[in-house]
Amino acid sequence: MAKKLGLRETYAAMTRGVNWTPSYVKEEEAFPYHQFEGIKIHDWDKWEDPFRMTVDNYWKYQAEKDRRLYAVLDSFSQNQGHLNISDARYLNAIKIFLQGVTPLEYMAHRHFMFISRYIPGPGTRMAALCQSIDELRHTQIEIHSMSPYNKYYSGFHSMRQMHDRVWYLSVPKSYFDDAVTAGPFEFLTAISFSFEYLLTNLLFVPFMSGAAYNGDLPTTTFGFSAQSDESRHMTLGLQVIKFLLEQDEANVPIVQRWLDKWFWRGYRLNALVAAMMDYMLPKKVMSWKEAFELYFEQQMLDGLFPDLARYGIKPPMGVEQAIKEKEKISHEVYWTLYSFGFAAAFNTWIPTASEQDWMTQKYPETFDKYYRPHFEKAQKIADQGGRFFMLGLPQLCQVCQIPMLFTEPDDPGKICFRSTTYQGEKYHFCSDGCKQIFEWEPQKYVQSWLPVHEIYKGNCGGPTVPEVLAWYGIQPGDNGEYQGSVDQQNWANWHKDLATV
Amino acid sequence: MAVVSLKPGYEFPARDRAEVFGDDMLVYVHWAGNLFFCAAAAYRAPKAMKWGDFKANMVDTLFSGDPDYAKLTPENTRWTLNDQPLNPSADVSLTELGITHKDLLKFEKVG
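Residues numbered from 1 in each chain as written. Chains lettered and ligands numbered in written order. Predicted model: local features only at pLDDT ≥ 70, side-chain atom pairs only at ≥ 80, totals over all residues. Heavy atoms only, no water.

1. Some remarks on the overall build of chain B
1) Next: Looking only at helices and strands, one finds one helix and five strands in chain B.
2) Next: For a compact globule of 111 residues, the expected C-alpha radius of gyration is about 13 Å, and chain B comes in at 17 Å, more than 25% above that figure.
3) Next: Projected onto its principal axes, the C-alpha coordinates of chain B cover approximately 60 × 30 × 25 Å.
4) Next: When each of the 111 residues of chain B is scored for burial, the buried share is 45%.
5) Next: Within chain B, residue pairs in contact and separated by at least 24 positions form 63% of the contacts whose partners lie at least 6 positions apart.
6) Next: Of the roughly 5,500 Å² that chain B leaves accessible, carbon and sulfur atoms contribute 54%.
7) Next: Side-chain charges in chain B split into 12 positive and 15 negative, and the spacing between the mean points of these groups amounts to 5 Å. (Helix = DSSP H or I, 4+ residues; strand = E, 2+ residues; numbered from the N terminus. Rg over C-alpha atoms; globule rule 2.2 N^0.38 Å. Buried < 20%, exposed > 50% of the residue type's maximum accessible area, 1.4 Å probe, protein only. Contact = heavy atoms within 4.5 Å. Areas by Shrake-Rupley, 256 points an atom, 1.4 Å probe, with all protein chains shown as cover. Lys, Arg positive; Asp, Glu negative; His and termini not counted. Charge placed at Lys NZ, Arg CZ, Asp CG, Glu CD.)

See below:
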């Protein structure tokens, strides 16, 4: 009987062993996409995958994790687990996750499948294949974990339609569309490294710890089920960067440019997470500022970048500005969501007095001076029976597509306006970073599908707010003020009933 | 700088170029010094629209959502167009005021 192969040999056989040189077509016909970006690879065998995942191992492992997850979901539904979350307000964070992040998992699935077909290195192809299947599994288990809430709460019903159409969701959508329309190595730098390595903790930890703190068992269990995959993706991200940098010195400036671009794009995307984290979690985990300091400043700037310096890689463009903005962005973004809440597929509200005091304590330099006055004025309007909305449409940044709400790095009282002219047309940007990204590739960003301009061109269902909301897939109750909303009234009734049993 | 593309000729018309809007144009209006309005407002307005109509039907409607807007008068409000001083009068059209597609107007309370 033949000796059984060890893990290392199995992995080698499953990757390098199944590679072949095409004979019926030319190499460049089989692999047409990996050279135009200017990246030079001399030896694909230098690719090291520390996880050495093979397909048979992968199936066994993932099937076991799925069994555990679905057992929890069944029990949650049977036991009316949704009544045990901290407060119905919490679920607005999960609505944003489902509408904004889950469709990105699906896009990642599609494009890692593309990478696993078109990269000539067999080790890289295998890693991309496993990640592609992970991403599809994440899409499915996120939908399954969050769908039990759809039966009882608003805003969970049309995530796919909303993702393609709603104004604030064009922020994550355009981010990923930018990545999949780039070449394969830029995509890997953007998604595997900048997103999955540099910024992933800032995205996932707040959502998953937020879920755990607020009694959301399905999302917490999903988080655990995805965690081991995420560490594999992080490792892939770091391996991508080191491999590119070690293969040829000429790759260094190309990779640096991509890091500069994709740190800033990912960081701007995370501004939505910042608002969610400080404002939508009734039980707070930590502030955005604290999370940024821990997961970015300490882990990445102090931990990772000194290690990358030996390749000639510098911390990405915009880091100094991001550090200054940690005092501001969660407030600036939430205030914007509150102001345009009539057109969002989640509810917004004025934070309670104790929540505002928490903000004062966490943001002593800025909250009382710049943001508390907004809520006081909005409260005055509410006391007279009104609800403040900015009843119009905002100016958007041409690159990140976020409303032009960010302020000058050194002045929280002044909006940061940047603009340029390209081929006789004017373009506006929220920051030096977004302007720089435009100037590197203006031909790409002149095509941006900006939701505000599309509404004005008549491409979004009609000229009135109800017509646009219907086109978005937003139903009455999904949007607007939380106090007095369908969710708030149901929650109050359910808990009143429980109290009298 | 050019996009690094698979094939030459990566050129597309700007999606929101002036001609797409015909006799109208996009105009942005920002209340400087008052971030109760989180961002500048975007409008689609006819180029021939008189300033007085633009102000009354578009600007006032939106910005009066803040009770403090009532404190603004023509005397204590300073306007700029792309950060250059602007002295608009009601019966002049937007085009005659020099406003073009995607320009940024700001107003501010002075004194």
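2. Let's talk about the interface of chain B and chain A
1) Next: Contacts between the two partners involve 43 residues from chain B and, on the opposite side, 53 residues from chain A.
2) Next: Of the roughly 3,900 Å² buried where chain B meets chain A, counting both sides, 59% is carbon and sulfur surface.
3) Next: The largest per-residue losses of area from chain B upon contact with chain A belong to Arg-15, Phe-36 and Cys-38 of chain B, which jointly make up 19% of the total buried on that side.
4) Next: Applying the counting rule to chain B against chain A returns five salt bridges.
5) Next: Of the charged contacts, one joins Asp-68 of chain B and Lys-377 of chain A as a salt bridge, the two residues approaching to 2.8 Å between their closest N and O atoms.
6) Next: At the junction of chain B with chain A, the criterion picks out 19 residue pairs in polar contact (both at pLDDT 80 or more).
7) Next: Counting only elements with at least two residues in the side of chain B that touches chain A, the list comes to strand E1 (24-31), strand E2 (41-46) and strand E5 (103-109) of chain B.
8) Next: The element best represented in the side of chain B that touches chain A is E2 of chain B, accounting for four residues.
9) Next: For the side of chain B that touches chain A, the residue count by class is 26 nonpolar, seven polar and 10 charged.
10) Next: Here strand E1 (residues 393-394) of chain A pairs with E2 of chain B via two bridges, running antiparallel. In the sheet register, Pro-394 of chain A faces E2 of chain B, and the bridge partner there is Ala-41 of chain B. (Buried area = accessible area lost by both parts, 1.4 Å probe. Salt bridge = Lys/Arg side-chain N within 4 Å of Asp/Glu carboxyl O. Polar contact = N/O pair within 3.5 Å; in protein donor to acceptor, adjacent residues only side chain to side chain. Nonpolar A, V, L, I, M, F, W, Y, C, P; charged D, E, K, R; others polar. Pairing = 2+ DSSP bridges.)

3. A closer look at the state of the cysteines
1) Next: Across all of its chains, the model carries zero disulfides over all chains by this definition.
2) Next: The cysteine Cys-416 of chain A is free of any disulfide, with Cys-430 of chain A supplying the nearest cysteine sulfur at 7.0 Å. (Disulfide = S-S within 2.5 Å.)

4. So, the packing of helix H12 (residues 251-279) of chain A against helix H13 (residues 288-308) of chain A
Residue and element names in this part refer to chain A.
1) Next: In contact at an axis separation of 10 Å, H12 and H13 are set at 155° when each is read in the N-to-C sense. Compared by their axis directions, H12 and H13 come out roughly antiparallel. For the element pair H12 and H13, the recorded crossing hand is right-handed. Of H13, the residues touching H12 (which contributes Leu-259, Phe-263, Tyr-267, Asn-270, Ala-274, Met-277 and Asp-278) are Trp-288, Ala-291, Phe-292, Phe-296 and Phe-305.
2) Next: The residue inventory of the contact of H12 with H13, partitioned by class, reads 10 nonpolar, one polar and one charged. (Axes fitted to C-alpha atoms, helices over the stretch in contact; angles between N-to-C directions. Parallel < 35°, antiparallel > 145°, perpendicular 65-115°, else oblique. Left-handed = near helix turned anticlockwise from the far one by under 90°.)

5. Some thoughts on the pattern of salt bridges
Residues and elements named next belong to chain A.
1) Next: Applying the stated criterion to the full structure yields 44 salt bridges over all chains.
2) Next: The closest approach of N and O atoms between Asp-177 and Lys-173, which form a salt bridge, is 3.7 Å. Within this pair, Asp-177 and its partner Lys-173 are both found in helix H8 (residues 170-180), separated by four residues, close to a single helical turn.
3) Next: A residue is classified by how much of its surface remains accessible, and Lys-173, at 25% relative accessible area, is partly exposed.

6. Comments concerning unusual backbone geometry
Negative phi values dominate among residues other than glycine, just as trans dominates among peptide bonds.
All names here are of chain A.
1) Next: The phi dihedral of Gln-80 is positive, around 50°, even though this residue is not glycine.
2) Next: Mapped onto the secondary structure, Gln-80 falls in the loop between helix H3 (55-78) and helix H4 (91-100).
3) Next: Residue Gln-80 is classed as partly exposed on the basis of its relative accessible area, which comes to 33%.

7. Some details on the side chain of Asn-270 of chain A
Residues and elements named next belong to chain A.
1) Next: Among the structural elements, Asn-270 can be located in helix H12.
2) Next: On the accessibility criterion, Asn-270 (3% relative accessible area) is buried.
3) Next: When sequence neighbours within four positions are dropped, the list of residues in contact with Asn-270 reads Leu-199, Leu-202, Leu-203 and Trp-288.

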